[in-house]
Amino acid sequence: MNTLLFPVILAGGKGERFWPLSRKDRPKQFLSLDGSSRSLLQATADRLIELGGGWDSLWVITSSQIAEGVRQQLPDLPVENLLIESEGRDTAAAVAWTSLEIKQRYGEDAVIGFFPADHWIADQEAFANTLSAATQLAASTAAIVTLGIKPTFPSTGYGYIEQGEKIGSFNELPAYHVNRFTEKPNRETAETFLSTGRFSWNSGMFVFRAGVVLKELHTHAPEIIEPLEQHGPDIYPQLPKKSIDYALMEKTTLAYVLPVDFGWDDLGDWNAIERLLKTEETPNVELATHIGLDTQGAIIYASNPQDVVVTIGLEDVVIVRDRNVTLVVKKERTQEIKQILKILQSDSRFSDLL
């Protein structure tokens, strides 16, 4: 089966936990975090245009605040394939609007895939094989297919998918009906999940036919799909703010999962840089000019190559130097960067730091 996939990049996120490198005018998806010259958004587009019909089949949905940056990052993207949200309403609204637009142009049997702009994929060939399998399943079945990442440790930062009955294989990948979705568990629960061998991490990547997902949205999230059908995107600011997981995936009976392993990271915070780039030969991950004495387990980043970061006697810290801000934080507390941003937002003296 050679069914065309219409990939959609979800590019509206802020990436606050990568502050101070990630800011309002330069969100995480515009950054290059792996030492390459390609931003996360560009790398995502590179992967996806190889799987579909080139640039004409690729879509991006983003916010009005960064739409111009998306155009600069992806100059070959057709203008009509860039959807601009007047106000961010989370992923359920984004999926609904984009699916309506693609159905209108290509029909209800068009197979659509949704992909966050900030994921890292190690094995492109395995990724392509997986997307081909997901497209075959979605084209042949009334299915909402999600990619489940085979867990490598009992993460408490990811949602989990429990696989149920096996319904077949596609490109030699087994596919299962989804028993349930579980939000981020505690450590003990995550360890139990891994011991069963039935759970995958929820990657946030989905594939389905336009008509299938729109019908399911009518059943489970009419408060989102019906206003969009009646009023178009002008109604966007009035739509409820819900994730696609909460609005649909946790409720539908048409969810299927492909447990896959192609090397994946969602690059949630600065610790992801260590997972990508750390080697046994080096004590630190250094994307900066760094002079260190008795420093190990550190992640050090400077956006200006002329800036020099000097450390003495530090362990397990993140140091980020960007423009007029220096961040120093223990690695286990990087999730608290969002709290710092709330403090900065409340004081007008720091508005240029956001």
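One structure accompanies this document, and this report is about it. Note that the coordinates shown come from a computational prediction; the quantities given were computed from them, not determined experimentally.

Our focus in this paragraph is the overall build of the protein chain. Scanning the protein chain from terminus to terminus reveals 10 helices and 17 strands. Taking 20 Å as the expected radius of gyration for a compact globule of 354 residues, we find that the protein chain reaches 21 Å, a close match to that expectation. Oriented by its inertia axes, the alpha-carbon framework of the protein chain measures out at about 60 × 45 × 35 Å. For the protein chain, the residues scored as buried account for 51% of the 354 residues in total. For the protein chain, the proportion of contacts with a sequence separation of at least 24, taken over those separated by at least 6, is 66%.

Another aspect to go through is the pairing of strand β15 (residues 308-312). Along β15, the buried face is formed by Val 309 and Thr 311; none of Val 308, Val 310 and Ile 312, which line the opposite face, is buried. Note: strand β13 (residues 289-293) against β15, five bridges, orientation parallel. Bridge assignment links Gly 292 to a residue of β15, and that residue is Thr 311.

The next thing to look at is unusual backbone geometry. In the segment running from Trp 19 into Pro 20, the intervening peptide bond is cis, with an omega of 10°. Its location among the elements puts Pro 20 in the loop between β1 (5-10) and α1 (40-49). The phi dihedral of Asp 90 is positive, around 75°, even though this residue is not glycine. Here Asp 90 shows up in helix α3 (residues 90-106). You can call Asp 90 partly exposed: its relative accessible area is 35%. Although it is not a glycine, Glu 172 sits at a positive phi angle of roughly 65°. Secondary-structure assignment places Glu 172 in the loop between β7 (160-170) and β8 (173-182). Given the relative accessible area of 78%, Glu 172 is considered exposed.

Most of α1 sits out of view: seven of its 10 residues are buried. Of all the positions in α1, only Leu 40, Leu 41, Gln 42, Thr 44, Ala 45, Arg 47 and Leu 48 are classed as buried. Looking at the buried positions of α1, the neighbouring elements they touch are β1, α2 (67-73), β4 (111-116), β5 (120-121) and α4 (124-140).

This brings us to the packing of aromatic side chains. Tallied over the full model, the rule gives 13 aromatic pairs. Arranged with centres 5.2 Å apart and planes meeting at 70°, the rings of Phe 153 and Trp 201 form a pair that is edge-to-face. Of this pair, Phe 153 sits in the loop between β6 (144-149) and β7 while Trp 201 sits in strand β9 (residues 199-209), placing them 48 residues apart in sequence. On the basis of relative accessible area, Phe 153 is assigned to the partly exposed category, the value being 35%. In textbook terms, an aromatic cluster arises when at least three aromatic residues are bridged by ring pairs, as seen for Phe 153, Tyr 158, Trp 201 and Trp 264. Taking the ring centre of Phe 127 as reference, the NZ or CZ of Arg 47 above it sits at 5.9 Å.

Let us look at the sheet that holds strand β17 (residues 325-330). Read from one edge to the other, the open sheet built from four strands follows the order β12-β14-β16-β17, with strand pairing classed as mixed. The sheet is open, and its two edges are formed by β12 (285-287) and β17, each paired on a single side. Between one strand axis and the next, the sheet turns through 5° on average, direction left out of account. The pairing of β12 with strand β14 (residues 299-302) spans three bridges and is classified as parallel. Bridge pairing in β14 links Leu 287 to Tyr 301.

This part covers the pattern of salt bridges. Within the structure shown, the criterion is met by 19 salt bridges. Between Arg 323 and Asp 25 there is a salt bridge, with the nearest N and O atoms lying 3.7 Å from each other. Taken together, the residues span a long stretch of sequence, with Arg 323 in the loop between β16 (317-322) and β17 and Asp 25 in the loop between β1 and α1 at a distance of 298 residues. You can call Arg 323 partly exposed: its relative accessible area is 42%. Among the ionic contacts, a cluster of salt bridges with common partners joins Arg 23, Asp 25, Arg 26, Asp 322 and Arg 323.

Our next topic: the packing of α3 against helix α7 (residues 222-231). Look at α3 against α7: their axes get within 10 Å of each other, and the N-to-C directions meet at 40°. On the basis of their axis angle, the class for α3 and α7 is oblique. The two elements α3 and α7 cross, and the hand of that crossing is right-handed. Along its contact with α3, which presents Ala 92, Ala 93, Ala 96, Trp 97 and Leu 100, the element α7 presents Ile 224, Ile 225, Leu 228 and Glu 229. Taken together, the residues of the contact of α3 with α7 break down into eight nonpolar, no polar and one charged.

We now examine α7. Taken as a whole, α7 has its buried residues at Ile 224, Ile 225, Pro 227 and Leu 228. For α7, the elements touching its buried residues are α3, α6 (210-220) and α8 (244-249). Trailing α7 by a residue or two, Gly 232 shows a phi angle of about 75°, which is positive.

By secondary structure assignment, the location of Thr 44 is in helix α1. As a C-alpha pair, Thr 44 and Thr 98 span 54 residues in sequence and 18 Å in three-dimensional space. Leaving out residues up to four positions away in the same chain, Thr 44 has contacts with Ile 9, Pro 116, Ala 117 and His 119. Side-chain polar atoms of Thr 44 contact the backbone oxygen of Ala 117, separated by 3.1 Å.

Calculation notes
- In this convention, every chain numbers its residues from 1, walking through the sequence in written order.
- Where local features are concerned, this predicted model is filtered to residues with pLDDT of at least 70; where side-chain atom pairs are given and counted, the filter is 80 or more; whole-chain, interface and lining totals use all residues.
- The side-chain figures draw on all heavy atoms in the structure; neither hydrogens nor water molecules are used.
- Strands are runs of DSSP state E lasting at least 2 residues, helices are runs of H or I lasting at least 4, and numbering of each runs from the N terminus.
- Restricting the calculation to C-alpha atoms gives the radius of gyration, and the globule rule supplies 2.2 Å times the number of residues raised to the power 0.38.
- Remark: exposure states derive from per-residue accessible area (1.4 Å probe, protein chains only) relative to the maximum for the residue type, with buried under 20%, exposed over 50%, and partly exposed in between.
- Note on contacts: a residue pair qualifies if any of its non-hydrogen atoms lie within 4.5 Å across the two residues.
- At least two DSSP bridges between two strands are needed for those strands to be called paired.
- In this scheme Phe, Tyr and Trp rings, the latter by its six-membered ring, pair at centre separations within 6.5 Å, and the angle between planes marks the pair as stacked below 30 degrees, edge-to-face above 60, and tilted otherwise.
- Placement of a positive charge over a ring is assigned whenever Lys NZ or Arg CZ falls within 6 Å of the ring centre and within 35 degrees of the normal to the ring plane.
- Axis lines are fitted to C-alpha atoms, over the contacting stretch for helices. Their N-to-C directions set the angle, which ranges from 0 to 180 degrees.
- Should a side-chain nitrogen of Lys or Arg be within 4 Å of a carboxyl oxygen of Asp or Glu, the pair is scored as a salt bridge.
- Reported orientations rely on four angle classes, namely roughly parallel under 35 degrees, roughly antiparallel over 145, roughly perpendicular from 65 to 115, and oblique for the rest.
- By the definition used in this description, the sense in which the near helix is turned from the far one sets the handedness, with an anticlockwise turn below a right angle giving left-handed and a clockwise turn giving right-handed.
- Throughout, the ten residues Ala, Val, Leu, Ile, Met, Phe, Trp, Tyr, Cys and Pro are labelled nonpolar, Asp, Glu, Lys and Arg are labelled charged, and all others, Gly among them, are labelled polar.
- Contacts described as polar in this section are N or O atom pairs within 3.5 Å, which, within protein, must combine one atom able to donate a hydrogen with one able to accept it, while residues neighboring in sequence count only if both atoms come from side chains.

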